[in-house]
Amino acid sequence: MNRGNVYHQYPYWWYWFCAKILGIRRCNLVRVPIYMQFKLVIRSTFSDYPLEESAYPVVENESSVTTSVKNEEANGHCINLVLEDTYTIEEKQIPDSKQGLRTVKISRGTGDTGRHFSQKFIEAVINAVRDFDQDTVVNIFATTNPMNTKHIASRAFALADRGNVKNLYVFQQNNSDGRKFETKTHKIF
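Predicted model, so just to flag it, every value in this text is computed and none were measured.

Colleague: Describe the sheet that holds strand β4 (residues 136-142), listing the residues and the values that go with them.
Modeller: The strand order across the open sheet built from 6 strands is β1-β3-β2-β4-β5-β6, with neighbouring strands paired in mixed fashion. One side of each edge strand has no neighbouring strand; the edge strands of this open sheet are β1 (66-70) and β6 (181-187). Ignoring strand direction, the axes of neighbouring strands in this sheet form an average angle of 25°. Bridge analysis of strand β2 (residues 78-84) against β4 gives 6 bridges, and the strand direction is parallel. The residue of β4 that forms the bridge with Leu-81 is Ile-140. Its contacts with the sheet put helix α3 (residues 119-130) on β1, β2, β3 (102-107) and β5 (165-173), and the angle it makes with β3 is roughly 160°.

Written as structure tokens, this is what we have:
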């Protein structure tokens, strides 16, 4: 599923129909909105999400993955998780209504906007999520590539109700207007 050089912005019900009714087993995540990548992987809609590993060279000896926290004193069980992978994310790109929340930012921080597989980046996300309180609501703002998204979704969030995240929302970035994230949320679970 999802062949060709087009942006595959289909509703979830269409992916579900293709997988469960038409019997399509494999789905390419390239050129699929990040929120839909999370939803497809976490819900195991398809049995396989093939990605060409050579398109995402492994980062060897990566030392520049950083984690920072903003608004650490903010109360509540709602946290922004900002994942800087292929592009940087500025505070002004986050919707105003979410800027006062506790924000955990994980950055590959190399200045290299190439699409690389980074085990260290993925592990930093997993560790940050594991440190959240029980029943946390997480808002994700991400510029991750499909390979890293696939691993983050399956290893940090697809835990069959055994994790500490109560609800997961992913915000989609606009391709114009300063690449701000939309105010509309996409609930994953």
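There's more to say after this.
Colleague: Lay out the packing of aromatic side chains in plain terms, naming residues and giving numbers.
Modeller: Within this structure, the stated rule accounts for 8 aromatic pairs. Note on Phe-46 and Tyr-49: the rings are 6.1 Å apart at their centroids and 80° apart in plane angle, and the pair reads as edge-to-face. By the burial criterion, Phe-46 is buried, and Tyr-49 matches it. With a centroid separation of 5.3 Å and 85° between ring planes, the pair formed by Phe-141 and Phe-181 is classed as edge-to-face. Of this pair, Phe-141 sits in strand β4 while Phe-181 sits in strand β6, and the two are 40 residues apart along the sequence. Aromatic ring contacts, followed pair by pair, group Tyr-10, Tyr-15, Phe-46 and Tyr-49 into a single cluster. Note that Arg-43 overlies the ring of Tyr-12, its terminal NZ or CZ placed 4.8 Å from the centroid.

Colleague: Which residues make up the nonpolar core, and what values do they have?
Modeller: The tendency in soluble globular proteins is for nonpolar side chains to be buried as a group. Ranked by size, the top nonpolar core spans 44 residues in total, and within it Phe-38, Leu-81, Ile-106, Ile-140 and Phe-157 carry the most contacts. Of all hydrophobic cores here, the second largest spans 8 residues; its members include Ile-89, Val-137, Phe-141 and Phe-181.

Criteria and cut-off values
- Residues numbered from 1 in each chain as written.
- Predicted model: local features only at pLDDT ≥ 70, side-chain atom pairs only at ≥ 80, totals over all residues.
- Heavy atoms only, no water.
- Pairing = 2+ DSSP bridges.
- Helix = DSSP H or I, 4+ residues; strand = E, 2+ residues; numbered from the N terminus.
- Axes fitted to C-alpha atoms, helices over the stretch in contact; angles between N-to-C directions.
- Contact = heavy atoms within 4.5 Å.
- Phe/Tyr/Trp six-rings, centres within 6.5 Å; stacked < 30°, edge-to-face > 60°.
- Buried < 20%, exposed > 50% of the residue type's maximum accessible area, 1.4 Å probe, protein only.
- Lys NZ or Arg CZ within 6 Å of the ring centre and 35° of its normal.
- Core = buried A, V, L, I, M, F, W, Y, C linked by side-chain atoms within 4.5 Å.

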